[in-house]
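For reference, the chains in residue letters:
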Amino acid sequence: MSFESALTFFIAIFIFGITPGPGVFAILAKSIIEGPRRCIMLALGMTISDIVYLTLACLGLAAIAEHWGGLFTLIRWLGAAYLIWLGLKLFTSKPDLKTSAPMVNKRSSLEFVQGFLISASNPKVILFYMAFLPTFMDLTVLNSGDIALAATLTLFALMLGLMLIAFCAHWASARLRSKQAAKRLNQSAGVIMMGAGVYLAARN
């Protein structure tokens, strides 16, 4: 992964991390009730779960790219179609401001587990990564260093995004609960995902 690809990957994961969803609302709720410092383990649990999905996606795609080139090309096209569909769905979706965030336990270990389960409960995350990764990596020459770099970038990007939300919770929660603001966030994220899908489909 080149420096430019790594930087773009970091920014894309950061944007993905702050897009409104169950995890973001859980962070908002906990930060408002208990303060941002109490969100660290919750956010870390979500991030580690994503890294597990990311690693599984990398290993699966690398094996396919090495042994079944034609199948990988098909997956690349399907991944592009999935990203475009996901982006279009997000762009046209109506903001759901009634998403409830589960109450979190004050024990750090349980907060971590809860954060892990919030992210792990959505198996579509691995589909997102499988569609997303070929945009930034040459999976035919993928090695453990590339996976470690992607995991490290994901760790910092997601933690930065989630903790930024936590520290700005009193400011952000009022705006993210506004239908207009949530709609704009959804549309922006949708355009980015559709753009990634088009770029992936256009790559040789």
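Going by the structure above, here's the rest.
Read on for an overview of the structure. (Residues numbered from 1 in each chain as written. Predicted model: local features only at pLDDT ≥ 70, side-chain atom pairs only at ≥ 80, totals over all residues. Heavy atoms only, no water.)

With respect to the element layout, T47 can be found in helix α3 (residues 40-67). The exposure class of T47 is buried, given its relative accessible area of 0%. A polar atom in the side chain of T47 sits 2.9 Å from the backbone oxygen of A43. Sequence-distant contacts of T47, defined by excluding residues within four places in its chain, comprise T154, L155, L158, M159 and L162. (Helix = DSSP H or I, 4+ residues; strand = E, 2+ residues; numbered from the N terminus. Buried < 20%, exposed > 50% of the residue type's maximum accessible area, 1.4 Å probe, protein only. Polar contact = N/O pair within 3.5 Å; in protein donor to acceptor, adjacent residues only side chain to side chain. Contact = heavy atoms within 4.5 Å.)

A word on the nonpolar core. Within the largest apolar cluster, 25 residues are counted, with the highest numbers of intra-cluster contacts made by F9, Y129 and L133. For this core, the elements supplying multiple residues, two or more each, are α1 (3-18), α3, α6 (124-132) and α7 (144-167). Here this core takes six residues from α7, the largest share from any one element. Apart from residues no more than four positions distant in its own chain, Y129 is found in contact with I13, F16, D50, Y53, L54, A57, P134, T154 and L158. In this structure, A26, I27, C39 and I165 belong to the second largest nonpolar core, which totals 16 residues. (Core = buried A, V, L, I, M, F, W, Y, C linked by side-chain atoms within 4.5 Å.)

What follows deals with the packing of α1 against α7. Where α1 contacts α7, the two axes come as close as 8 Å, and the packing angle between them is 40°. Taken as axis vectors, α1 and α7 run oblique relative to one another. Classified by chirality, the crossing of α7 by α1 is right-handed. Residues A6, F9, F10, I13, F14, G17 and I18 of α1 form the contact with α7, whose participating residues are A150, L153, T154, F156, A157, L158, L160, G161, L162, L164 and I165. The class makeup of the residues in the contact of α1 with α7 is 15 nonpolar, three polar and no charged. (Axes fitted to C-alpha atoms, helices over the stretch in contact; angles between N-to-C directions. Parallel < 35°, antiparallel > 145°, perpendicular 65-115°, else oblique. Left-handed = near helix turned anticlockwise from the far one by under 90°. Nonpolar A, V, L, I, M, F, W, Y, C, P; charged D, E, K, R; others polar.)

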